[in-house]
Amino acid sequence: MTVEFVATPLGAPLAPPAPRNGGVDPALLPAFTVPRGHEGLLDRLRAPDAVVLTTGQQPALFTGPLYTIHKALSAAALAAILEERWSRPVVPVFWVAGDDHDFAEANHAWWIAADGTVAGASLPPRPPEAPLTPMYRELLGPAVTDALAALERDLPPSEFRADTLAWLTRHFRPDATVAASYRDALAELLAPLGVVMFDSTHPAVKRAAVPLLLRALRDSALLESDLAALADQLSAGGTDSGITIGVGATLVMLDCRLGRDRLLRQADRFTTRRGKSSYTMSELEALGASEPERFSANVLLRPVVESALLPTVAYLGGPGELRYLALTPPIYRRLGVTPQQALPRWSGVLVEPRVTRVLEKFGVTLDELMQAPGPLEARLVRSQLPADIVEALASLRHVIEASYEAVGRRAAEIDPTLVKPIQGVRHQALAGTHDVEKKLVQHLKKREETELAQLARARAAVWPQGKPQERLLSLPPFLARYGPSLVTDLLRAIREWYAEALEGAPAPA
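Conventions and cut-offs
- Residues numbered from 1 in each chain as written.
- Predicted model: local features only at pLDDT ≥ 70, side-chain atom pairs only at ≥ 80, totals over all residues.
- Heavy atoms only, no water.
- 1 Å grid on protein atoms, 1.4 Å probe; cavity = no way out; pocket = protein on both sides within 12 Å on 5 of 7 lines; lining within 4 Å.
- Points joined across faces, edges and corners; volume = space filled by probe spheres on them.
- Helix = DSSP H or I, 4+ residues; strand = E, 2+ residues; numbered from the N terminus.
- Nonpolar A, V, L, I, M, F, W, Y, C, P; charged D, E, K, R; others polar.
- Pairing = 2+ DSSP bridges.
- Phe/Tyr/Trp six-rings, centres within 6.5 Å; stacked < 30°, edge-to-face > 60°.
- Buried < 20%, exposed > 50% of the residue type's maximum accessible area, 1.4 Å probe, protein only.

> I'd love a proper account of the layout of surface pockets, names of residues and values included.
Gaps between atoms show up when a probe of the same size as a water molecule is rolled over them. The calculated volume of the second largest pocket comes to roughly 310 Å³. Lining the second largest pocket are 14 residues, with Trp167, Leu189, Leu479, Gly483 and Pro484 positioned closest to its centre. Sort the elements by how many residues they give to the lining of the second largest pocket and helix H5 (residues 161-171) lands first, with four residues. In the lining of the second largest pocket, the residues fall into eight nonpolar, three polar and three charged.

Structural data, given as structure tokens:
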């Protein structure tokens, strides 16, 4: 029995992206991370008609939650399908968002321990007063060694355990940054599948992007007006982008004394939100020429920068990303950038054999398991009540209902004011039968503790801490149990999913 991949149903039909002119700027090639032995991936990018299909994520410990892998494999799967259709190189590219500064999102990893419970490790939190250092400059520090040791303790013996730990140890080192460790670990894992890591903080990328960022600053008032109008339009139609358009807030971030900071427009100057550093447009232009690495795009501008720098045909994102990407069309128009199509990544659950066995044993569905604990357990325990007790309780309730109904009718003839008290006593009698059943179920629960524990462990594997599996659990423990074939099997399943979703879809005009 192998791992089963259960996809989340698509909410809408999948429309294929349209081709565009190809060709990657040779000046950007150093920003692509290609492990030794996979230099052929760069040759594909050098092809004059090459286009890319992208996805991306901010860096995190031990490659982050599973949806990071789902994104990367989605890009590989759909790129392969498009390459067959178009007969030209379509390269899957993973945009490593190393400018991100949210350390609380990056400093931890979760997994299922050998005893079936949710476990994890984290790096020390950033002090509240500390600068918001981008992840490409944030060192992992010595605590990463303790995090690796915690994971090692929780991994059960397996033939793939040593290789998985060696892979992580090569990259997640105290002297490595959060972004570099993440990028290089994913590069080693995914290069054999054709996925290329793109370092968005590489000096070549910063130099290429800064003219567009400066233009976004010059046009910030117009962009704000455009975005506010579209946000109102979307809201009126019942769509929430999840993004608040702040008055005076530009789409550009600047790395200053307090770390990565939003530039706010104030009269004829721009001021950083936290640090209160103030600049004229001319000063920012000079800074862009001398220190382009200090500039970065916010979440709405980032996909525009991506499409301006790379011949991107589509970006694959999760539900939250697709919501806010609906707000970006005015930015593309205002800045004169060809938009890539926003498409859903594969989303789903990795169902291990141990979970499948529990589902089959108890006769429950995956959807039932992925609910808050309580109702399912009570139903299963209640199903263990002896048939004669269930029958006796049902008979008792029927007698109570029928008898009190007869008494109520006669009492109403004697004195209508007696009806309400009699109904109250009836409710108490029925409640008594429910109390009896509840006590029986409680005692059965004590008897069935072993089986209920099995159910709890199965739920933790697919719905850990009451959250979707892909948003919490990390990949390495799955690799340690099932080996690299898990990733290739998942890629195959995702490709079949995209092929089925695109079947019969009309080609773009």
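> Give me the lowdown on empty space enclosed by the protein, citing residues and values where you can.
One pass over the structure, following the stated rule, counts one cavity of 30 Å³ or more. When its volume is computed, the largest cavity comes out at roughly 30 Å³. Counting residues per element, the ones that place at least two in the lining of the largest cavity are helix H2 (66-86) and helix H20 (485-502). Looking at the lining of the largest cavity, the element that brings in the most residues is H20, giving three residues. Of the residues that constitute the lining of the largest cavity, the class distribution is seven nonpolar, no polar and no charged.

> Now, about the sheet that holds strand E14 (residues 341-344): what can you tell me, with residues and values included?
Two modes of strand pairing occur in sheets, parallel and antiparallel, and in both the strands are linked by backbone hydrogen bonds. Strands sit in the order E2-E7-E4-E3-E13-E14 across an open sheet of six strands; the sheet is mixed. The open sheet is flanked by strand E2 (32-33) and E14, the only strands paired with a single partner. Of the pairings in the sheet, the one linking E2 to strand E7 (residues 196-199) comprises two bridges and is antiparallel in character. Residue pairing in the sheet places Phe32 in a bridge with Phe198 of E7.

> Explain the packing of aromatic side chains to me, using residue names and the numbers behind them.
Applying the stated criterion across every chain yields a total of five aromatic pairs. Centre to centre, the rings of Phe32 and Phe198 are 4.7 Å apart; their planes meet at 55°, and the pair counts as tilted. In this pair, Phe32 is assigned in strand E2 and Phe198 in strand E7, connecting sequence segments 166 residues apart. The exposure class assigned to Phe32 is buried, which follows from its relative accessible area of 5%. The class for Phe198 is buried, based on a relative accessible area of 0%.

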